[in-house]
Amino acid sequence: MNEEQRWIRRIQRRSDRAAAGELIAAYYNEMYGFIYKQTLNAELAKDLTQDTFGSMLQTIASYDLGKASFRTWLYRVATNRLVDYYRSRYYRAQKLHEPIEELELPGEEDFTISLTYRDEVERVLEVVNRRAARSQQIFRLRLFADYPFQEIADLLDVPLSTVKTDYYATLRAVRRYFEEEENQHGS
Amino acid sequence: MDRDKLVVPYPDADVVRSEIEAIVSRSMPPRQTFIAYMARMLREVGLRHLFRDWTELVYVSLTTIVIVALMLTAYLSSTAPESSMMYVLLFSVSPVLYLTIAIIFFAGKRDQDTYELEMVCKYTVYQLAALRMTVFGAVAVAVNTAMIGVCVWMMPELDVVKGWLVTTASLTLFGGGFLALMRYSSSKGMRLVYVGGWLAVNLTLYVWHELFYTAVLERMPLFGYAIWIAAGVYGMTRALSALITIHHKEGYI
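Quick caveat: nothing in here was measured; it's all calculated off a predicted structure.

**A word on the overall build of chain B**
- Scanning chain B for helices and strands turns up 12 helices and 0 strands.
- Listing the helices and strands of chain B from first to last along the sequence gives α-α-α-α-α-α-α-α-α-α-α-α.
- Looking at chain B as a whole, 25% of its 253 residues qualify as buried.
- Expressed as a percentage of contacts within chain B between residues at least 6 apart in sequence, the contacts between residues at least 24 apart total 80%.

**What to know about the overall build of chain A**
- A tally of helices and strands in chain A yields 8 helices and 0 strands.
- Taken from N to C terminus, the helices and strands of chain A fall in the order α-α-α-α-α-α-α-α.
- Counting the 187 residues in chain A, one finds 32% classified as buried.
- Counting contacts in chain A only where the partners sit at least 6 residues apart, residues at least 24 apart contribute 66% of the total.

**Observations concerning unusual backbone geometry**
All names here are of chain A.
- Of note, Ser15 is a non-glycine position whose phi angle comes to about 50°, a positive value.
- Tracing the chain through its elements places Ser15 in the loop between α1 (3–14) and α2 (17–39).
- Phi is positive for Asp146, which is not a glycine, with a value near 60°.
- Relative to the helices and strands, Asp146 is located in the loop between α6 (133–143) and α7 (149–156).

**Brief notes about the packing of helix α5 (residues 118–128) of chain A against helix α8 (residues 160–186) of chain A**
Residues and elements named next belong to chain A.
- Between α5 and α8, the shortest axis-to-axis distance is 9 Å and the interhelical angle comes to 120°. Looking at the two axes, α5 sits oblique to α8. Crossing angle aside, the handedness with which α5 passes α8 is right-handed. From α5, Arg123, Val124, Glu126, Val127 and Val128 reach across to α8, where they touch Thr170, Ala173, Val174, Tyr177 and Phe178.

**Concerning the interface of chain A and chain B**
- Each side of the interface is counted separately: chain A has 30 residues, and chain B has 23 residues.
- For the side of chain A that touches chain B, the secondary structure elements donating two or more residues are α2, α3 (42–59) and α5 of chain A.
- For the side of chain A that touches chain B, the leading source of residues is α2(A), giving 11 residues.
- Residue composition of the side of chain A that touches chain B, by class: 13 nonpolar, 12 polar and 5 charged.

**Some thoughts on the confidence of the model for chain B**
All names here are of chain B.
- Mean pLDDT over chain B works out to 73, with 67% of the residues at or above the 70 mark.
- Of all secondary-structure elements in chain B, the lowest mean pLDDT belongs to helix α7 (residues 114–119), at 56, while helix α1 (residues 13–27) reaches the highest, 91.
- Long-range and interchain partners of residues 247–253, a stretch whose pLDDT sits below 50, account for 10 contacts in this model, where long-range means more than four residues apart.
- Quick note on the complex model: pTM equals 0.57, ipTM equals 0.77.

**Here we look at α3(A)**
- The terminal C-alpha atoms of α3(A), which comprises 18 residues, lie 26 Å apart, in line with the 26 Å expected from a rise of 1.5 Å per residue.
- Along α3(A), the residues classified as buried are A:Ala45, A:Leu48, A:Thr49, A:Asp51, A:Thr52, A:Phe53, A:Met56 and A:Leu57.

**Brief notes about the confidence of the model for chain A**
- For chain A, mean pLDDT is 84; residues scoring 70 or higher make up 87% of the total.
- A low-confidence stretch, residues 92–108 of chain A stays under pLDDT 50, and its non-local contacts, those more than four residues away or across chains, total 13 contacts.

**Thoughts on the packing of α6(A) against α8(A)**
All names here are of chain A.
- Their axes nearest at 9 Å, the elements α6 and α8 cross at an angle of 85°. Considered as vectors, α6 and α8 are oriented roughly perpendicular to each other. Where α6 abuts α8, its residues Arg134, Ser135, Ile138, Phe139 and Arg142 lie against Val163, Asp166, Tyr167 and Thr170.

**Thoughts on the environment of B:Thr214**
- Looking at the element boundaries, B:Thr214 is found in helix α11 (residues 210–219).
- On the neighbour-count criterion, B:Thr214 (22 C-beta atoms within 10 Å) is buried.

**Structural notes on the nonpolar core**
- Counting 47 residues, the largest nonpolar core has A:Leu23, A:Met31, A:Ile35 and A:Ala78 as its most contacted members.
- Looking at which element gives the most residues to this core, the answer is α2(A), with 11 residues.
- Each of domain 1 (3–90) and domain 2 (100–186) of chain A gives at least three residues to this core.
- Excluding residues within four positions of it along the chain, A:Ala78 makes contact with A:Met31, A:Phe34, A:Ile35 and A:Thr52.
- Grouped together as the second largest cluster of nonpolar side chains are 36 residues, B:Ala140, B:Trp164, B:Val166 and B:Leu173 included.

Analysis parameters
- Residues numbered from 1 in each chain as written.
- Chains lettered and ligands numbered in written order.
- Predicted model: local features only at pLDDT ≥ 70, side-chain atom pairs only at ≥ 80, totals over all residues.
- Helix = DSSP H or I, 4+ residues; strand = E, 2+ residues; numbered from the N terminus.
- Buried ≥ 20, exposed ≤ 12 C-beta atoms within 10 Å, placed from the backbone.
- Contact = placed C-beta atoms within 7 Å.
- Axes fitted to C-alpha atoms, helices over the stretch in contact; angles between N-to-C directions.
- Parallel < 35°, antiparallel > 145°, perpendicular 65-115°, else oblique.
- Left-handed = near helix turned anticlockwise from the far one by under 90°.
- Nonpolar A, V, L, I, M, F, W, Y, C, P; charged D, E, K, R; others polar.
- pLDDT = per-residue confidence, 0-100.
- Expected span 1.5 Å × (residues − 1).
- Core = buried A, V, L, I, M, F, W, Y, C linked by C-beta atoms within 7 Å.
- Domains from an automatic or database assignment.

Here it is as C-alpha cells:
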C-alpha cells in the first residue's frame, strides 16, 4: 500500500485531518490548474478547487480503492463541480437536443484545439459551458486533463463509442463557432 | 496581434496552505465521540419529538407483557430451583421490551410517507433510530435494574450483582445481534424471526438441557460477565455508529 492509499485509509477510518491535509496538498496544484484552464479566473478557480476537495472529503467514505484510481476519481469530482457551476449560470430553456448533423459517427477530425492562447481557450469554453452535462464531462476530461477515451468511458460508465461521438460532436460545435466568428469578422 | 499566452497563476505555498486548512476545517468538523453525538442529537431533537406515537408504545408494552407472561408460565412448570430458573428467565426476557419497540418503530416507519421527508432532514431516519435505540437501551437497563430490585425483594436468595449482570449481558448480546442484522437486512420478517428465534432458542436450550443451561448462567464468574458486557457494548456502539454514517454513503454523487 503506497502513501496515498494510507492517507485515504486514515481519512476513511478515523477522519484523520492530518492525512486529509497531506492528500489535498498532493493534488492541490494539479486540480487548481485543471480548473483554472476552464475558468480563466483565479478567484473562481480557487473557490471551485475548494468545493472539489470539500466534496471529495465528504464522499471519500464511499470511494473504493479497488475501483478507480484516486486521481481519476478526483477528476470526476472536479468535472462535476465545473459542470454544476456552469449549468447554474448558463442553464436556460435552451435546446436540449443536439442537431442531427452533430450525431455523425466519429471520423477524421483535422480540427484541433490548442490550449496555448488565452483567447482561444475562452472561445472554446463559450461553447463547452453551454453543452449538456455529460458532453461537458467528456470534453473537459479529454481536453483539459488529457484522459484517453477508454478511461473516460470507464469513469463515466458509458460506451466508448458514445464518448467518441460526443467528444467529436462538441469539437465540431467549437469549430462551427470559430468559423462563424471568423465570418463575422471577415464581413 | 499580440496574444496572451495561457499561463496558470498557481497560488504561492502560503495561500495553498491556508486554502487546505480552510477546506479541512470546513469539510471535516472535529470528530465527536458517539456519546457526544447522541447527546447533541437528543438536545436538538428533544425526547418529545423522538417518541411521538404513544399508542404504539402502549401496544408494544402490552404485547411484551403477554410474551413475558407466556414465558413465565413455561418456566414455572420447571423443576429447577427457583433462583436458577430466575437467572434463565432474566436472561431470556430482558431485551424483549427494548427490541420489540425498536422493531415496531422501524417496521412502521418504512411504511409511512414521512420516511422520504426524514431522509432529507438534518438527521436521517437512521440517525434518529440510532438515538432512539440508545435511549431505549438506557431505559431498558434502568427497567431491568428495577426488575432485579423487585425480584430480590421477592426472592432474597437471588444475587443482585449477578442478576444485573445477567440481564445486561443478555441485552447487549441481543442488541448487538439485532443491530448487525439491521445493517444487512431491511425486511420486517427477519427482525420478527430474530426476536422469536431468541426466545425460542433460549426456551429450547432450557428445556433440552436444563441443568447445563442454568449452570452456565449461574456459574459464569462475574468477571466473565463483565467482559461479555464490555464486548457487547462495544459491538452495539460500532453498529450504531455505522447507522449514523449510512446517509453519507447514500448521498454519494
